[in-house]
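Next come the chains, spelled out residue by residue.
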Amino acid sequence: MFDDLTPVVRALVPGLQGTVTANASMKPFSWFRTGGPAQLLFEPAGEIDLIEFLRHIPADWPVLPVGLGSNLLVRDGGIPGVVVKLGRPFAEVEVLDGHRVRAGAGAPDVKVARAAAEAGIAGFTFLRGIPGAIGGALRMNGGAYGGEVKNILVQAHGVHRDGTPAAFDLAAMDFGYRRCGAPETVIFTSALFAGTPGEPEALLDAMDEITRQRSATQPVNTRTGGSTFANPPGQSAWKLVDEAGCRGLGIGGAQVSEMHTNFLVASPEATSADIERLGEEVRRRVRETSGITLHWEIRRVGQPLA
């Protein structure tokens, strides 16, 4: 257990509206359903609440934002410092004139895709294939099924670690493959996107097809994250893992998916250490057989169990 920071926060942050919880379980916030607690979990009531919180807490406290936790592995010793959970106040989606969509960073990608499709705005259907929220999609330049966030982003809004509001246009985001150039300390709060005219029925059909493809090829109804490893240039991570003989490989309660080898699956008995050890063993075998070093796409946070 970590020291309880809630009395300190309540003394430092006058008029705090969101909720703060000491030693909060992080298992509900990771699709693997493993890992230790957050020393302090803060669920802000809105952007102003987040700004005031960041302005008043000590500058040396680490702060980690989380959304849906689809690509998050929380180590078993938990997360020291503050975890900011962007919940319902950051999940609004608004369709605007000019084939534009404004979405909160906590909005599920699929919600944004559906809102755009129903409004006849093309360019967003790929978001149906990304099992996360907009904040993570901004941070990772989320992409799937031929689309990427960089293709539709107009501007991202967020808050610096010191509570200063920030805005980043497309150029400032400096997107690359599964990365963006915005400072790591920025917490994204919302984004403005733009698409092109489309037919709602065709767009919704395209989303349904993505759903069918995911269900047929990915272990969507298990305890898993998104893709475990980023694709190396010109290569497919799943193929490298398969050629290294890792399909079905298990360590403890973790296993490489039989359905799709770039997914790790956790049993109810699995620990985060099992999952991470398995991932590292897969990386070792791929490096040994192909000479290629895979890089984690799953975000591993926190500290190991002492």
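One can find the structure itself at the top, above this paragraph.
Everything numeric in this text was worked out from a predicted model, so none of it was measured.

The rules behind the values
Residues numbered from 1 in each chain as written. Predicted model: local features only at pLDDT ≥ 70, side-chain atom pairs only at ≥ 80, totals over all residues. Heavy atoms only, no water. Phe/Tyr/Trp six-rings, centres within 6.5 Å; stacked < 30°, edge-to-face > 60°. Helix = DSSP H or I, 4+ residues; strand = E, 2+ residues; numbered from the N terminus. Buried < 20%, exposed > 50% of the residue type's maximum accessible area, 1.4 Å probe, protein only. Pairing = 2+ DSSP bridges. Axes fitted to C-alpha atoms, helices over the stretch in contact; angles between N-to-C directions. Contact = heavy atoms within 4.5 Å.

Student: What am I meant to see in the packing of aromatic side chains here?
Tutor: The description of an aromatic ring pair uses the distance of the two centres, along with the angle that the planes make with each other. In this structure the tally under the stated criterion is four aromatic pairs. Between phenylalanine 42 and phenylalanine 53 the ring centres are 4.0 Å apart and the planes differ by 20 degrees, which places this aromatic pair in the stacked class. Placement of the pair is phenylalanine 42 in strand E2 (residues 37–43) and phenylalanine 53 in helix H2 (residues 47–56), with a sequence separation of eleven residues. Note on accessibility: phenylalanine 42 and phenylalanine 53 belong to one class, buried.

Student: Got a minute to help me understand unusual backbone geometry in this structure?
Tutor: Residues other than glycine predominantly adopt negative phi, and peptide bonds predominantly adopt the trans conformation. Although it is not a glycine, arginine 33 adopts a positive phi angle of roughly 60 degrees. Turning to its location among the elements, arginine 33 is positioned in the loop between strand E1 (19–25) and E2. A positive phi angle is found at aspartate 174, which is not glycine, with a value near 50 degrees. Tracing the backbone shows aspartate 174 in the loop between helix H5 (170–173) and strand E13 (187–194).

Student: Could you clarify how one ought to interpret the sheet that holds strand E12 (residues 165–169) in this entry?
Tutor: Whenever strands of a sheet pair, they do so through backbone hydrogen bonds, lying parallel or antiparallel. As summarised here, the arrangement of the five strands in space is E6-E7-E13-E11-E12, forming an open sheet in which the pairing is antiparallel. Across the chains shown, the open sheet's two edge strands, defined by having one partner strand only, are strand E6 (93–96) and E12. Geometrically, the sheet is characterised by an average inter-axis angle of 15 degrees between neighbouring strands, direction not taken into account. Pairing geometry for E6 and strand E7 (residues 100–104), over four bridges, is antiparallel. Considered in E7, the bridge of leucine 96 is made with arginine 100. Packing against the sheet, H2 makes contact with strand E11 (153–159), E12 and E13, and its axis sits at approximately 45 degrees to E11. Where helix H3 (residues 109–118) meets the sheet, its contacts fall on E6 and E7, and the angle it forms with E6 comes to roughly 25 degrees.

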